[in-house]
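Close look at the chain arrangement
Next come the chains, spelled out residue by residue.
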Amino acid sequence: QVQLVESGGGLVQPGGSLRLSCAASRSIFSIGAMGWYRQAPGKQRELVAYISRVGDATNYADSVKGRFTISRDNAKNTVYLQMNGLKPEDTAVYYCNRYPSVASYWGQGTQVTVSS
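I will try to describe carefully the structure that is included in this document. A quick note: this is a predicted structure, and the numbers were derived from the prediction, not measured.

A separate point is the overall build of the chain. Across its full length, the chain carries one helix and 10 strands. The globule rule puts the C-alpha radius of gyration for 116 residues at 13 Å, and the 13 Å found for the chain is close to it. Within the span of the chain, comprising 116 residues, buried residues form 42% of the whole. Considering only intrachain contacts with a sequence separation of at least 6, the fraction spanning at least 24 residues in the chain is 53%. For the chain, the accessible surface area stands at approximately 6,100 Å², while carbon and sulfur atoms represent 46% of it. With 12 positive and 7 negative side-chain charges, the chain shows a separation of 5 Å between the mean positions of the two kinds.

Here you go:
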């Protein structure tokens, strides 16, 4: 079974920082781009950022541009999302997946709560 395990979420005050990690099997990580997604209560799941297979190209949603940084370490089969300057509207469950996403790959995600 495909394994994508997110971690690093938690409760943080506005302006704070968190680093999310996503560990996956080599078979998933080695074949293409990876993305971070999030879903806030009452909202549709949205793409936050994605990174190319090698890690030489990244893209960000306008809402997080300049605050979040996506990176990957292929040797560790891990993708990261460094989140700085967090805002209450960043509160959501954060997921990793392939980019473009694969429906059957969605996992548990990790909760990020920015209190105000």
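Now that the structure is up, let's keep going.
Once that is clear, we can look at the state of the cysteines. What the rule picks out here adds up to one disulfide. Here C22 engages in a disulfide with C96; their sulfurs sit 1.8 Å apart. Judged by the sign of its S-S torsion, about 60 degrees, the cystine formed by C22 and C96 is right-handed. Separated by 74 residues along the polypeptide, C22 in strand β3 (residues 18-24) and C96 in strand β9 (residues 92-98) bring together distant segments of the chain. Given the relative accessible area of 0%, C22 is considered buried. Judged by its relative accessible area of 0%, C96 falls in the buried class.

Turning our eyes to something else, we now look at the sheet that holds β9. Here six strands make up an open sheet; going across it, the order is β2-β10-β9-β4-β5-β6 and the pairing mixed. Each edge of the open sheet carries a strand with a single partner, namely β2 (10-12) and β6 (58-60). Mean inter-strand twist for the sheet, computed between neighbouring axes without regard to direction, equals 25 degrees.

It is worth spelling out the sheet that holds strand β1 (residues 4-7) at this point. Strand order across the open sheet formed by four strands is β1-β3-β8-β7, with antiparallel pairing between neighbours. The open sheet is flanked by β1 and β7 (68-73), the only strands paired with a single partner. The sheet shows a mean angle of 15 degrees between the axes of neighbouring strands, direction not considered. Sheet topology note: the β3/strand β8 (residues 78-83) ladder contains six bridges and is antiparallel.

For the rest of this paragraph, the subject is the pattern of salt bridges. Here the structure, examined in full by the defined rule, presents four salt bridges. The partner of D62 in a salt bridge is K65, with the nearest N and O atoms 3.2 Å apart. Residue classification places D62 among the exposed positions, given a relative accessible area of 67%. The shortest N-O distance in the salt bridge between R67 and D90 comes to 2.7 Å. On the criterion of sequence distance, the pair formed by R67 in the loop between β6 and β7 and D90 in the loop between β8 and β9 is long-range, its members being 23 residues apart. Comparing R67 with D90, the two get one shared label, buried. A network of salt bridges, in which partner residues are shared, links R38, E46, R67 and D90.

Definitions and limits used
- Residues numbered from 1 in each chain as written.
- Predicted model: local features only at pLDDT ≥ 70, side-chain atom pairs only at ≥ 80, totals over all residues.
- Heavy atoms only, no water.
- Helix = DSSP H or I, 4+ residues; strand = E, 2+ residues; numbered from the N terminus.
- Rg over C-alpha atoms; globule rule 2.2 N^0.38 Å.
- Buried < 20%, exposed > 50% of the residue type's maximum accessible area, 1.4 Å probe, protein only.
- Contact = heavy atoms within 4.5 Å.
- Areas by Shrake-Rupley, 256 points an atom, 1.4 Å probe, with all protein chains shown as cover.
- Lys, Arg positive; Asp, Glu negative; His and termini not counted.
- Charge placed at Lys NZ, Arg CZ, Asp CG, Glu CD.
- Disulfide = S-S within 2.5 Å.
- Pairing = 2+ DSSP bridges.
- Axes fitted to C-alpha atoms, helices over the stretch in contact; angles between N-to-C directions.
- Salt bridge = Lys/Arg side-chain N within 4 Å of Asp/Glu carboxyl O.

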